[in-house]
Amino acid sequence: MGTLDLLAGIIGSDGHLSKQQPAVYVINKNKRFLENTVKPLLEEFTNKQVKLKFRTDGFGKGNYWIQVYSPWLWKILIKKYRIPPGKKSTIVEPPNLATNEEKIDFFRGWFAGDGSVTVDRKRPRLELWSKSRKLLKWFREVLEQNGIESRIFYHKRKDQYLLSIGRIGDVINFYEKIVIPHPEKQEKLKFLVSRFLPPAI
């Protein structure tokens, strides 16, 4: 099973903490991701059964979401992982984590929520958007410590920062060292990287 660091990364990117009560929410359009990854993690660390719900936007689309009431999880997400209750996008701070494994798991969770696997000039590219430059700089340092180079850009029109991994060597290194706990994103990365890998013997 995954770690609390992984769950915290997912909640930091795809969820939020209630200001009124110790409730934790995770919201995502991908039902498979919530069922296969998020639901088991929440049940493991809260010892509660949680259910997926669907909220429509009125136009035939919408999001799946999970809510769990857990004072313990709510408090540790604020203190250790520095995820503030309420609106958090511009004020998220890097978490208080000591080991490389903890940092990578937190990053994996965050990338599962907000990261994307794209194609640029027929080559795979990894991207992560955020309003928090401080958090992206922390992610860049974590990746660098694991031999993966990335760059950060500011997009004025979106008023957001972008962490990008574009060199094919770094994308392959990412694929070999980091498993994205989002089934569809991991499968897409595997497919795009496969033609750049040496044939299996």
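Everything numeric here is computed off the predicted structure, so don't read it as measured data.

A. Representation of the packing of helix α6 (residues 168-177) against helix α7 (residues 183-194) in the model. At a minimum axis separation of 11 Å, α6 and α7 run at an interaxial angle of 130°. When the interaxial angle is binned, α6 and α7 end up oblique. Classified by chirality, the crossing of α7 by α6 is left-handed. Between α6 and α7, the contacting residues are Val171, Ile172, Phe174 and Tyr175 on the first element and Gln186, Leu189, Lys190 and Val193 on the second. Along the lines of polarity and charge, the residues of the contact of α6 with α7 split into 6 nonpolar, 1 polar and 1 charged.

B. Here's a closer look at the sheet that holds strand β4 (residues 62-69). Spatially, 4 strands are ordered β1-β2-β4-β3 in an open sheet, and the strand pairing comes out antiparallel. For this open sheet the edge positions go to β1 (15-17) and β3 (53-56), each flanked by a neighbour on one side alone. Between one strand axis and the next, the sheet turns by 25° as a mean value, whatever way the strands run. In this sheet, strand β2 (residues 23-28) lies alongside β1 in antiparallel orientation, the contact comprising 3 bridges.

C. Fine view of the pattern of salt bridges. Taken as a whole, this structure holds 9 salt bridges when the rule is applied. Between Glu187 and Arg32 there is a salt bridge, with the nearest N and O atoms lying 2.6 Å from each other. Residue Glu187 is found in helix α7, and its partner Arg32 is found in helix α2 (residues 31-46); the two are separated by 155 residues along the sequence. Take Arg32: its relative accessible area is 33%, and that puts it in the partly exposed class. In this structure, Asp159 and Lys131 form a salt bridge, with 3.8 Å as the shortest nitrogen-oxygen distance. Of this pair, Asp159 sits in the loop between β7 (151-155) and β8 (160-165) while Lys131 sits in the loop between β6 (123-130) and α5 (133-145), placing them 28 residues apart in sequence. Classification of Asp159 as partly exposed rests on a relative accessible area of 42%.

D. Structural context of the packing of aromatic side chains. In total, this model carries 13 aromatic pairs according to the counting rule given. When the centroid spacing of 5.7 Å and the interplanar angle of 45° are considered together, the rings of Phe106 and Trp110 count as tilted. In this pair, Phe106 and Trp110 are both assigned in helix α4 (residues 100-114), 4 residues apart and thus about one turn of the helix distant. Like Trp110, Phe106 is buried. Ring centres of Phe106 and Trp138 lie 6.0 Å apart, and the angle between their planes is 80°; on these two criteria the pair is classed as edge-to-face. On the criterion of sequence distance, the pair formed by Phe106 in helix α4 and Trp138 in helix α5 is long-range, its members being 32 residues apart. Across this residue pair, the class does not change: Phe106 and Trp138 are buried. By the ring-pair criterion, three or more aromatic residues cluster together here, those being Tyr81, Phe106, Phe107, Trp110, Phe111, Trp138, Phe139 and Phe174. Seen from the ring of Trp65, Arg55 lies directly overhead, with NZ or CZ sitting 4.5 Å from the centre. Over the face of the ring belonging to Trp129 we find Lys158, whose NZ or CZ atom lies 3.9 Å from the ring centre.

About the thresholds
- Going along each chain's sequence as written, the residues are numbered from 1 onward.
- The predicted nature of this model means local features are confined to residues of pLDDT at least 70 and side-chain atom pairs, given and counted, to a pLDDT of 80 or more, with totals for whole chains, interfaces and linings taken over all residues.
- For the side-chain quantities, the full set of heavy atoms in the structure was used; hydrogens and water were omitted.
- In this analysis, axes come from line fits to C-alpha atoms, helices being fitted only over the stretch in contact, and the angle between any two N-to-C directions falls in the range 0 to 180 degrees.
- A run of H or I in DSSP becomes a helix once it reaches four residues, and a run of E becomes a strand once it reaches two; helices and strands are each numbered from the N terminus.
- These descriptions rest on fixed angle ranges, namely under 35 degrees for roughly parallel, over 145 for roughly antiparallel, 65 to 115 for roughly perpendicular, and the rest for oblique.
- Definitions for this section: a left-handed crossing has its near helix turned counterclockwise from the far helix by less than a right angle. A right-handed crossing has that turn clockwise.
- Contacts are assigned to residue pairs with any non-hydrogen atoms lying within 4.5 Å of each other.
- Put simply, Ala, Val, Leu, Ile, Met, Phe, Trp, Tyr, Cys and Pro go in the nonpolar bin, Asp, Glu, Lys and Arg in the charged bin, and everything else, Gly too, in the polar bin.
- Two strands qualify as a pair provided DSSP detects at least 2 bridges between them.
- Here a salt bridge means any side-chain nitrogen of Lys or Arg lying within 4 Å of a carboxyl oxygen belonging to Asp or Glu.
- Burial classes: relative accessible area under 20% of the type maximum marks a residue as buried, over 50% as exposed, and values in between as partly exposed (1.4 Å probe, protein chains only).
- Put simply, two rings from Phe, Tyr or Trp (the six-membered ring, in Trp's case) pair if the centres are within 6.5 Å, and we call them stacked under 30 degrees between planes, edge-to-face over 60, tilted for the rest.
- Over a ring means this: the NZ of a Lys or the CZ of an Arg is within 6 Å of the ring centre and within 35 degrees of the ring normal.

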